Amino acid sequence: MTVTEPAAAIAETFDSLNPATGEVVGTHRIFTDAEVNETVQRGRKAAAWWAELGFADRGKILRGWRSALVRRSAELADLMHQENGKPHADAMIEIVLAADHLDWASKHARKVLGRRRVSSGMLMINQTASVEYQPLGVVGVIGPWNYPVFTPAGSIVYALAAGNAVVFKPSEYTPGIGQWLADSFREVAGDLPLFQVITGLGATGNALCRSGVDKLAFTGSAATGKKVMAACAENLTPVVIEAGGKDALLVDEDANLDAAADAAVWGGMSNAGQTCVGVERVYVHERVYDQFLDKVVTLAKDLKAGEGEPIGPITMPSQLKVIRRHIADAIEHGGRAVVGGLDAVGDRYVQPTVLVDVPEESAAVREETFGPTLTIAKVPDMEDALRRANATNYGLGGAVFSRARGLELARRLRSGMTSVNGVITFAGVPSLPFGGIGESGFGRIHGPDGMREFARPKAITQQRFTSPVRTTTFTRRPSDDRQLVRMARLLYGRR
Ligand code: NAD
């Protein structure tokens, strides 16, 4: 990335680069603090209109945007290939998944957020009670580069469906994609600033945190998530933090080994391993370890990273150093590369690498690698697999391959989501919440939980008739107080 020299009265800019070639893909403005604040203020006016519009009309506009995304998917996928580096076909999958969430959110917002009656209970039997979920106002979204459409869409789409305006700060590695998304929305929704993009580096993201947005949805590394939370704390701005992971895949002795090996290789290597819920560690029952490893090696050794290959470049050049360090450290401490190795790390691409016999305390097992690498460890039983899988500060996703114990093991994995006999499938189910625990963050996107992240519950009681037992008045008589106590004894006093 090159930040051009600031010139008087000329906005500062930065370039986004094609990670496969280093060529400039686009030049973008660095929004200043003042410009970020103005953008949020503009969004506030649009938010009021959008909130008034109601579920049905908002839904129509969102479905219009969904259709536009699908119709123009080839164009967007081209841009994603250029700016992020991912293969065109992978970009298409990402767009289709985002469209699926958009469709779900547009159709379910009323059911999830609309006013509904709830029981008023015995003490307030004279009241009707209802709850509805009202929009927050303007939601700030800060996104990463690895899934530059699907990941921010998980916040943007649900925030819009809940009736908010959005100000989005895309990653400095994929600003053109972020701008494309906002432009395509405006073409459908009209010129009101409902979904605006601010481009820039970390400082622009920091300005968004301090701009007075009504909520900040952050997706990125845990380290930046902590800075975001600290900045948001200045105004008590609530946050959703979707951070990194070190997801494990467990292979039980009765697992379908072909399916498990395929899932491990795809889960670990697709998108060049740059997937927050990608497989980074595999724990395999000793009875099937050798067979499983053979299958993984067979699949991974023919897989290539390069232009036109199924694995694209490493999008963020500084990650190459991290990947190299993890592989070197693993080998130095007794690990072996059965596919790839240190030579696999090139200037732009990393070839698939499978490491075995890696000590559990090494960086390759404990830290997020974010490259097309896997560590595979032999375990005596699934209890040990669970113990090792859970021995991390992260807790995002995970996968279990087992015929008999899939659900049981999945429930005991300390993470927000787990696939049984599949990998990352939970991300494609719009009605499921997505998010982590521990250093992987908190709060949820997707599904009803994700939609309610971007709304505030509003509780209303309305009197139907005068209460036979007066409580909320100074005019109540001693007989009211006695009756209340009698009622409480009757209702709750029994053992
Ligand atoms: P990053 O933390 O470097 O950057 C994320 C965003 O934060 C970028 O837009 C960046 O400009 C911005 N930023 C940087 N400093 C900031 C600051 N001080 N204040 C506010 N914003 C700031 O992360 P990245 O390298 O873009 O993304 C990769 C990380 O994202 C990985 O750890 C990955 O696991 C994680 N991720 C998580 C999920 C999830 O849903 N949990 C999804 C995708 C990626």
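These figures come from a predicted structure and were not determined experimentally.

1. Points about the UniProt feature "active site" (unreviewed entry) in the protein chain
Then step 1. Cross-referencing UniProt, the feature "active site" (unreviewed entry) maps to Glu242 in the present numbering.
Then step 2. Following the sequence through the fold, glutamate 242 ends up in strand 9 (residues 239-242).
Then step 3. Ignoring anything within four residues of it in the chain, the contact list for glutamate 242 reads Phe218, Thr219, Gly220, Phe434, Gly435, Gly436, Ser440, Gly443, Arg444 and Ile445.

2. Some thoughts on the packing of helix 2 (residues 55-71) against helix 5 (residues 150-161)
Angle between the axes and distance between the axes are the two parameters that describe a pair of packed helices.
Then step 1. Viewed as axis vectors pointing N to C, helix 2 and helix 5 meet at an angle of 150°, and their least axial separation amounts to 10 Å. Taken as axis vectors, helix 2 and helix 5 run roughly antiparallel relative to one another. Judged by residue contacts, Arg58, Leu62 and Trp65 of helix 2 engage Ile156, Val157, Leu160 and Ala161 from helix 5.
Then step 2. Residues that form the contact of helix 2 with helix 5 fall into these classes: six nonpolar, no polar and one charged.

3. Re the UniProt feature "domain: Aldehyde dehydrogenase" (unreviewed entry) in the protein chain
Then step 1. Under the feature "domain: Aldehyde dehydrogenase" (unreviewed entry), the UniProt entry names residues 12-460.
Then step 2. Helix and strand shares over residues 12-460 are 42% and 19% respectively, and the end C-alpha atoms of the span are 49 Å apart.

4. Examining the sheet that holds strand 11 (residues 279-285)
The strands that make up a sheet are held in pairs by hydrogen bonds between backbone atoms, and each pair lies either parallel or antiparallel.
Then step 1. Pairing is mixed in the open sheet, where seven strands are placed in the order 12-13-14-11-10-15-16. Each edge of the open sheet carries a strand with a single partner, namely strand 12 (336-339) and strand 16 (419-420).
Then step 2. Where strand 11 lies against strand 14 (residues 373-379), five bridges are found, and the strand directions are parallel. What sits directly across from valine 282, in strand 14, is isoleucine 376.
Then step 3. Taken strand by strand, helix 10 (residues 289-301) contacts strand 10 (247-251), strand 11, strand 12, strand 13 (353-356) and strand 14, and its axis lies near 170° from that of strand 14.

5. Section: the site of the ligand
Then step 1. Taken together, the neighbourhood of the ligand is formed by 30 residues, with Lys169, Glu172, Ser221, Thr224 and Glu368 sitting nearest.
Then step 2. Lysine 169 is positioned such that a nitrogen or oxygen atom in its side chain is 2.7 Å from an oxygen atom of the ligand.
Then step 3. Threonine 224 is positioned such that a nitrogen or oxygen atom in its side chain is 2.7 Å from an oxygen atom of the ligand.
Then step 4. Protein contacts shield 90% of the accessible area of the ligand, which totals 860 Å² for the unbound molecule.
Then step 5. Looking at side-chain class alone, the shell around the ligand contains 13 nonpolar, 12 polar and five charged residues.
Then step 6. When residues of the shell around the ligand are assigned to domains, at least three map to each of domain 1 (7-244 + 447-456) and domain 2 (247-393 + 397-431).

6. Comments concerning the nonpolar core
Then step 1. Core analysis: the biggest nonpolar cluster contains 68 residues, and Leu249, Leu250, Val251, Val282, Tyr283, Phe292 and Ile376 have the highest contact counts within it.
Then step 2. Sorting elements by how many residues they give to this core places helix 9 (residues 257-269) first, with seven residues.
Then step 3. Among the domains, domain 1 (7-244 + 447-456) and domain 2 (247-393 + 397-431) are the pair contributing at least three residues each to this core.
Then step 4. With residues near it in sequence (within four places) discarded, valine 251 still touches Leu257, Ala260, Val282, Tyr283, Val284, His285, Val288, Phe292, Met382 and Phe401.
Then step 5. With 49 residues, the next largest nonpolar core counts Ile61, Val131, Tyr133 and Phe454 among its residues.

Quick notes on the rules
- Residues numbered from 1 in each chain as written.
- Predicted model: local features only at pLDDT ≥ 70, side-chain atom pairs only at ≥ 80, totals over all residues.
- Heavy atoms only, no water.
- UniProt positions renumbered as here; feature names shortened; annotations may be inferred.
- Helix = DSSP H or I, 4+ residues; strand = E, 2+ residues; numbered from the N terminus.
- Contact = heavy atoms within 4.5 Å.
- Axes fitted to C-alpha atoms, helices over the stretch in contact; angles between N-to-C directions.
- Parallel < 35°, antiparallel > 145°, perpendicular 65-115°, else oblique.
- Nonpolar A, V, L, I, M, F, W, Y, C, P; charged D, E, K, R; others polar.
- Pairing = 2+ DSSP bridges.
- Near = heavy atom within 4 Å.
- Polar contact = N/O pair within 3.5 Å; in protein donor to acceptor, adjacent residues only side chain to side chain.
- Areas by Shrake-Rupley, 256 points an atom, 1.4 Å probe, with all protein chains shown as cover.
- Domains from an automatic or database assignment.
- Core = buried A, V, L, I, M, F, W, Y, C linked by side-chain atoms within 4.5 Å.
- Buried < 20%, exposed > 50% of the residue type's maximum accessible area, 1.4 Å probe, protein only.

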